[in-house]
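Here is what each chain is made of, one letter per residue.
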Amino acid sequence: MWTPILLSVKVAIVATFIAFITGTLIAYFLTKRSVPFKNFFETLIILLLILPPSVTGYILLYLFGKRGPLGMLLLENFHLQVVFTWGACVIASSVVALPLMYQNAKAAFLSVDPSYEKAARTLGSGEVKIFFTVLLPLSYPGIISGIALTFARALGEFGATLMVAGNIPNKTQTIPTAIYYAVQSGNSPLAQQLVVLMTVFSFLLIFLMNMYLKKKDFRL
Amino acid sequence: MLYFNVEKNIGTFNLKCEGEFLEGVTVIQGASGSGKTTFLNLIAGLLVPDRGEISLENKVLYKKTEGGKKIDIPVKRRDIGYVFQNYHLFPHMTVLDNIMYGIINQNKEKLGLTGAEKLE
């Protein structure tokens with residue numbers, strides 16, 4: 001029972017980290033800088049949110065498969081095969097969770113009064129410094145809720161993970177796939193334990209985050 | 001001396017201003033929506049003019065003419081102080097951090113002061 005839990009937590013932590021960095025940066029460039037084809041990129045990210053995870057999983061399987069463009073690149077240059085490893089779980093989870101991080105970061109950045117950035121600019125700060133000293137601290141509550149939702153989503157990723165990482169016990173079997181196969185093979189007690197664990201953990205994560213953010217919100 | 005001759009279009013609003021300010025206090029007055037803030041933002045560099053020239057003490061801050069090379073000194077290197085309409089204290093910083101924010105961007109050695117000394 002513990003192997004899928006530990007793997008799920010490991011995958012969710014790494015995936016959240018990746019989605020946090022990429023989601024926040026993409027949200028920053030799409031909301032605060034002039035980027036060509038803005039609408040195109042935004043649609044692409046939101047698409048990940050509405051596509052069935054099996055579709056996203058299939059696309060990832062094609063891209064990272066042995067004959068896929070990215071899979072071949074990794075295999076030839078780094079002798080890495082990601083499909084059906086825990087790395088594939090990470091890729092699937094971070095891609096599926098990315099829109100949540102992006103949406104939260106975007107809303108958070110847009111909620112910051114642009115005059116703060118203007119004030120910082122007239123006080124002699126460059127864009128990178130403004131990002132770290134003004135924008136990021138002021139959008140902190142939105143970023144934190146983005147991270148929590150991303151983590152919860154990554155922890156519960158099922159469809160895309162199953163497509164690219166399969167369900168190999170002790171190797172790529174995460175909590176959601178373990179639940180599915182426990183039910184399929186008639187092992188109800190295991191399924192129930194994992195279901196309770198997932199539900200309680202996710203509830204606590206969101207509950208505690210809301211409590212923390214209510215205390216922390218310093219905006220006037 | 002501040003010299004300016006700039007044009008800026010924002011939607012249907014068209015701002016054209018030309019003139020110079022000599023040393024001392026200058027007051028800009030005009031009806032609401034006549035472009036006072038836009039004009040100040042152009043000088044500070046928070047808005048980019050469509051064309052024209054702005055120079056301060058013979059240093060060109062902005063210049064764009066037909067066929068000429070564009071000059072646009074970034075806001076942080078213009079050395080222009082700006083007090084916003086609703087004065088913007090950073091809500092996530094302490095009073096000291098707010099005071100120090102602009103100061104540490106300048107040459108610390110030139111100032112030779114720590115935050116506490118500056119506060120005193």
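Quick caveat: nothing in here was measured; it's all calculated off a predicted structure.

Colleague: It is not clear to me how the packing of helix α3 (residues 53–64) of chain A against helix α4 (residues 69–78) of chain A should be interpreted in this structure. Could you clarify?
Modeller: When two helices pack together, their arrangement is captured by the angle between the axes and the distance separating the axes. Residue and element names in this part refer to chain A. Direction vectors running N to C along α3 and α4 enclose 40°, while the axes themselves pass 4 Å from each other. Classed by the angle they form, the pair α3 and α4 counts as oblique. Residues Y62, L63 and F64 of α3 pack against P69, L70, G71 and L74 of α4. Classifying every residue of the contact of α3 with α4 gives six nonpolar, one polar and no charged.

Colleague: I would appreciate a short explanation of the side chain of S8(A) in the present structure.
Modeller: Residues and elements named next belong to chain A. Summarising the element assignment, S8 is placed in helix α1 (residues 2–32). Classification of S8 by relative accessible area gives buried; the value is 2%. Leaving out residues up to four positions away in the same chain, S8 has contacts with L155, T174, I175 and P176.

Colleague: Would you explain the environment of L44(A) in this entry?
Modeller: All names here are of chain A. Position of L44 relative to the elements: it lies in helix α2 (residues 38–50). Classification of L44 as partly exposed rests on a relative accessible area of 43%. Linking L44 and P99, residues 55 residues apart in sequence, is a C-alpha distance of 9.4 Å.

Colleague: Which parts of the structure should I look at to understand the interface of chain B and chain A?
Modeller: One widely used convention gives an interface's size as the accessible area the parts lose upon coming together. Counting from both sides, the interface comprises 16 residues of chain B and, opposite them, 20 residues of chain A. Buried surface at the junction of chain B and chain A, summed over both partners, amounts to about 1700 Å²; 68% is from carbon and sulfur atoms. Together, P91(B), H92(B) and Y101(B) form the three largest contributors to the area buried by chain B at its contact with chain A, with a combined 32%. The interface formed by chain B and chain A holds zero salt bridges in total. At the boundary of chain B and chain A, one finds three residue pairs in polar contact (both at pLDDT 80 or more).

Colleague: Just checking my understanding: could you explain the confidence of the model for chain A for this structure?
Modeller: Of the residues in chain A, 98% have a pLDDT of 70 or more, and the chain-wide mean is 89. Confidence scores differ between elements of chain A, with α4(A) showing the lowest mean pLDDT of 85 and helix α5 (residues 86–111) of chain A the highest of 94.

Colleague: Explain the nonpolar core here, please?
Modeller: In terms of nonpolar packing, the biggest core is built from 29 residues, with L60(A), F64(A), I175(A), I179(A) and L194(A) touching the most fellow members. Going through the elements one at a time, α1, α3, α5, α8 (140–155), α9 (159–165), α10 (175–184) and α11 (188–216) of chain A are the ones with two or more residues in this core. A total of six residues in this core trace back to one element, the largest contributor, which is α5(A). Not counting residues up to four positions away in its chain, the partners in contact with F64(A) are L70(A), G71(A), L74(A), V82(A), V83(A) and I91(A). If you look at the next biggest cluster of nonpolar residues, it comprises 26 residues, including V112(A), A119(A), L135(A) and Y82(B).

What counts as what
Residues numbered from 1 in each chain as written. Chains lettered and ligands numbered in written order. Predicted model: local features only at pLDDT ≥ 70, side-chain atom pairs only at ≥ 80, totals over all residues. Heavy atoms only, no water. Axes fitted to C-alpha atoms, helices over the stretch in contact; angles between N-to-C directions. Helix = DSSP H or I, 4+ residues; strand = E, 2+ residues; numbered from the N terminus. Parallel < 35°, antiparallel > 145°, perpendicular 65-115°, else oblique. Contact = heavy atoms within 4.5 Å. Nonpolar A, V, L, I, M, F, W, Y, C, P; charged D, E, K, R; others polar. Buried < 20%, exposed > 50% of the residue type's maximum accessible area, 1.4 Å probe, protein only. Buried area = accessible area lost by both parts, 1.4 Å probe. Salt bridge = Lys/Arg side-chain N within 4 Å of Asp/Glu carboxyl O. Polar contact = N/O pair within 3.5 Å; in protein donor to acceptor, adjacent residues only side chain to side chain. pLDDT = per-residue confidence, 0-100. Core = buried A, V, L, I, M, F, W, Y, C linked by side-chain atoms within 4.5 Å.

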